[in-house]
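# Structural overview
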Amino acid sequence: MAAFSSRSPRRRAESPDSPRLLSVISESYQNRLRIPSYDDTDQFSFGPVYEDNIFEIIHKYLELDTHHRVAYVGDPVGSLAQKIQEHFCLTQPVVAITPGKVHYEPTPDRRRLVPIEIHNVGAEQYFREAAQNFPSVYSAAPFDRIIMFDAIEHIQTLRETFGYILKTLHEFGKVLVIHRPGPLNTLPYFTDLSSRVRELDVPYINILQDIQACRADVEWELEQVPVVIPKLKWLAMLKEKFPPQVRVMSDYEVSNGIRELSEGMLKYHGETLEFIDRLMFITISHPLFDTNYPSMQRAGGSAIVPFPGMEDLQYQMPVTEDLKKFLVKPPPEERAKRIQ
C-alpha cells in the first residue's frame, strides 16, 4: 500500500447538486433591537383578552351594579378605573386613589435602585381622613365597592389602613384586593427582576393576618388570567418600567434584562406571546354573623366554620371496648359532677 505524504494535497470532495447541503446558520446579537413605540392608551395595557377576563373575575367576587359607588386604589399608570366605569356602566364616577409614594435612590455606581417608601401618603392618608367623617355609621359610608389592584406593597401600615377602609365601606359593601404574590409570579420577567420581586414581596399570609385582625370576613382565591400580547410590546412595556414592579430596576438593569429576554427564552417565541398572570383575589366584607371570630376561608368554603384556636372547641372520640381497660375511671363524685 502506498503511503501518503503529509504534504500531498487533499482531494476536494464534490458535493452533489441534489439534494443541496444544509445551510449553516450564523447568529449574532443585534446591537439595536428595534422596539416600537405605542400610544398612551395602549402602551400600558395587557390587551383586551386580559382585561375582559379581569372584568369577569371582578364581577364574580364583587357583583358590581350600576348604582354602586366604587373606589379604585392602584397606580395611575395602566389604571383600570375608567375602563371599569365604562364596562360596568356605573352611574357615578369611580374615585381613583393613588396607593402610595415610593422614591428610588440610585446606588453610587448608578446600576441599581434602592426603594424608599414614603409613609402617610396616598391611600393611607385618604382613608384615614375619610374614616374620620364616617366613624361608626356604615349605612352612610361613602363606598359600596373598593378595588385595590396591585397596590398592597405601597401601603406600609396594612392593619391600620384596612381598619380605616372598613369604616368607609357600606355595611353590605365589599373590598377586592388583587395581589400578585412574588413567589407565585408567572410573568416573563428577566432573572434579576424576578429575584428582586421575590425579595421585596409582601407575604400574602401577612396580608391575610392583618385583615383578620380587623375582624372582617375574608375569602381568597388564586386565579390565572390569560395574556395574549405582541412580543415587542411586552419588551416595550418593560423598557417603560411597566408593570409597576419593574420600577425598582435601574435603566442599566432593564436594558440588560431586555437583552437577556430577546436573546434568551423569547428569541424563538414568534411574534405573539401567550402566558398567564397568576393573581390572588382577596374579598373583604363586614362580618356576616355576630360571632367572636372573623370568617376566613378560600372562596366557596363555609362561612361559619371557625379556625382552630379562635374559640374553645370540644372534641369527642368514641372509645371501643378494648381501649376502656386502659382508662382510669374517675371517682363517683367526679362522675356525678360531669353528668350535671
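Scroll up to find the structure.
Model, not experiment: these values are computed from the prediction.

## Here we look at helix H6 (residues 191-199)
Within the span of H6, buried status applies to Leu193, Ser194, Arg196 and Val197. Within H6, the buried residues cover an arc of 165° as seen down the axis, which keeps them to one side.

## Topic: the packing of aromatic side chains
Aromatic rings in a pair are described by how distant their centres are and how their planes are angled relative to each other. Taken as a whole and assessed by the stated rule, the structure comprises 10 aromatic pairs. Aromatic side chains Phe44 and Phe242 sit 5.4 Å apart centroid to centroid with 65° between the ring planes, which places their arrangement in the edge-to-face category. Of the two residues, Phe44 is situated in the loop between helix H1 (40-43) and helix H2 (48-62) and Phe242 in the loop between helix H8 (231-239) and helix H9 (251-263); the sequence distance between them amounts to 198 residues. Judged by its relative accessible area of 5%, Phe242 falls in the buried class. Judged by centre distance (6.1 Å) and plane angle (45°), the ring pair of Phe46 and Trp234 falls under tilted.

## Some points on a nonpolar patch on the surface
A cluster of nonpolar residues, Val319, Leu323, Phe326 and Leu327, forms a patch on the protein surface that exposes about 400 Å² of accessible area. Position of Leu323 relative to the elements: it lies in helix H10 (residues 321-324). For Leu323, a relative accessible area of 41% gives the class partly exposed.

## Looking at the nonpolar core
The biggest cluster of nonpolar side chains holds 45 residues, and the ones touching the most others in it are Ile54, Ile58, Ile84 and Trp234. The dominant element in this core, judged by the number of residues it contributes, is H2, at seven residues. The contact partners of Ile54, leaving out residues within four places of it in the chain, are Leu80, Phe149, Val225, Leu279 and Phe281. Within the second largest apolar cluster, 28 residues are counted, among which are Met148, Leu169, Val202 and Ile211.

## Describing helix H5 (residues 158-167)
Residues Leu158, Thr161, Phe162, Ile165 and Leu166 constitute the buried set of H5. All buried residues of H5 fall inside an arc of 140° around its axis, so they share one side.

## A look at the pattern of salt bridges
A full pass over the atoms with the stated rule returns 11 salt bridges. A salt bridge links Arg180 to Asp150, with the shortest nitrogen-to-oxygen separation between them at 3.0 Å. Here Arg180 is found in the loop between strand E6 (169-179) and H6, whereas its partner Asp150 is found in the loop between strand E5 (143-149) and H5, with 30 residues between them in sequence. For the pair shown, Arg180 and Asp150 are each scored as buried. Arg180 is the salt-bridge partner of Asp277, the closest N and O atoms lying 2.7 Å from each other. Here the residue Asp277 occupies a position in strand E8 (residues 272-285), and Arg180 occupies one in the loop between E6 and H6, the gap between them amounting to 97 residues. Here Asp277 and Arg180 have matching classes, each one buried.

## Observations regarding the packing of H8 against H9
Close contact between H8 and H9 brings their axes to 10 Å; oriented N to C, the two are set at 165°. One way to sum up the angle between H8 and H9 is to call them roughly antiparallel. Crossing of H8 against H9: the hand is right-handed. Only Val254, Ile258, Leu261 and Ser262 of H9 make contact with H8, whose side of the interface consists of Trp234, Leu235, Leu238 and Lys239. Its residues assigned to classes, the contact of H8 with H9 comprises six nonpolar, one polar and one charged.

## Overview of unusual backbone geometry
Of all residues except glycine, most have a negative phi; of all peptide bonds, most are trans. The peptide bond linking Phe242 to Pro243 adopts the cis configuration, its omega dihedral lying at 5°. The phi dihedral of Glu63 is positive, around 50°, even though this residue is not glycine.

## Remarks on the side chain of Asp210
Following the sequence through the fold, Asp210 ends up in helix H7 (residues 204-213). In this structure Asp210 comes out as buried when scored by relative accessible area, which is 14%. A distance of 3.0 Å separates polar atoms of two side chains, one belonging to Asp210 and the other to Arg159. Beyond its immediate stretch of four places on either side in the chain, Asp210 contacts Leu158 and Arg159.

## So, the pairing of E5
Looking down a regular strand, the side chains alternate between one sheet face and the other. The buried fraction of E5 is high, at seven of seven residues. Bridge count for strand E1 (residues 70-73) against E5 is four bridges, and the pairing is parallel. Its bridge partner being in E5, Val70 is matched across the sheet by Arg145. The pairing of E5 with E6 spans six bridges and is classified as parallel. Its bridge partner lying in E6, Phe143 is registered against Leu169. After leaving E5, the chain enters H5 and then returns to the sheet as E6, a path that is right-handed.

## Here we look at the side chain of Lys231
As for its placement among the helices and strands, Lys231 is situated in helix H8. Among buried Asp, Glu, Lys and Arg side chains, Lys231 stands out as unpaired, with Glu271 the closest opposite charge at 5.4 Å. Within the local environment of Lys231, its side chain forms a polar contact with the backbone oxygen of Gly270, the two atoms lying 3.3 Å apart. The residues touching Lys231, leaving out its near neighbours within four places in the chain, are Leu266, Lys267, Gly270, Glu271, Thr272 and Leu273.

Thresholds applied
- Within each chain, residue numbers correspond to sequence positions counted from 1 in written order.
- Where totals are concerned, whole chains, interfaces and linings use all residues; where local detail is concerned, this predicted model gives features only for residues with pLDDT of at least 70, and gives and counts side-chain atom pairs only at 80 or more.
- As a rule here, side-chain values cover all heavy atoms of the structure and leave hydrogens and water aside.
- Whether a residue is buried, partly exposed or exposed follows from its accessible area with a 1.4 Å probe, protein chains only, as a fraction of its type maximum: under 20%, in between, or over 50%, in that order.
- Helix and strand assignments follow DSSP, with helices taken as H or I runs no shorter than four residues and strands as E runs no shorter than two, numbered in order from the N terminus.
- Summarising the geometry, the arc corresponds to the directions from the helix axis toward the C-beta atoms.
- The criterion for an aromatic pair is that two Phe, Tyr or Trp rings (for Trp, the six-membered ring) have centres within 6.5 Å, with stacked assigned to planes under 30 degrees apart, edge-to-face to planes over 60 apart and tilted to the rest.
- For patch building, the residue pool is restricted to those with more than 30% relative accessible area and no salt bridge; the joining distance is 9 Å between like charges and 5 Å between nonpolar side chains (Val, Leu, Ile, Met, Phe, Trp, Tyr).
- Note on areas: Shrake-Rupley with a 1.4 Å probe; residue coverage comes only from the protein chains shown.
- Salt bridges are counted wherever a side-chain nitrogen of Lys or Arg sits within 4 Å of a carboxyl oxygen of Asp or Glu.
- Among the buried residues, those of types Ala, Val, Leu, Ile, Met, Phe, Trp, Tyr and Cys that are joined through side-chain atoms within 4.5 Å form a nonpolar core.
- A contact between two residues is defined here by any heavy atoms of the two lying within 4.5 Å.
- Structural elements are reduced to axes, namely lines fitted to C-alpha atoms, with helices fitted over the stretch in contact, and the angle between N-to-C directions of any two is expressed from 0 to 180 degrees.
- Oblique is the label for any angle not covered by the other classes, which are roughly parallel (under 35 degrees), roughly antiparallel (over 145) and roughly perpendicular (65 to 115).
- In a left-handed crossing the near helix is turned counterclockwise from the far helix by less than a right angle, and in a right-handed crossing that turn is clockwise.
- By the convention adopted, Pro, Cys, Tyr, Trp, Phe, Met, Ile, Leu, Val and Ala count as nonpolar, Lys, Arg, Asp and Glu as charged, and the other residues, Gly among them, as polar.
- Throughout this description, a polar contact denotes any pair of N or O atoms lying within 3.5 Å of each other; where both atoms belong to protein, one of them has to be capable of donating a hydrogen while the other can accept it, and for residues adjacent in sequence the pair is counted only when both atoms sit in side chains.
- Note on pairing: DSSP must find at least two bridges between two strands before they are called paired.
- By convention, orient the strands away from the viewer: a clockwise path from the first strand over the helix to the second makes the crossover right-handed.
- In this tally Asp and Glu are treated as negative and Lys and Arg as positive; neither His nor the chain ends contributes.

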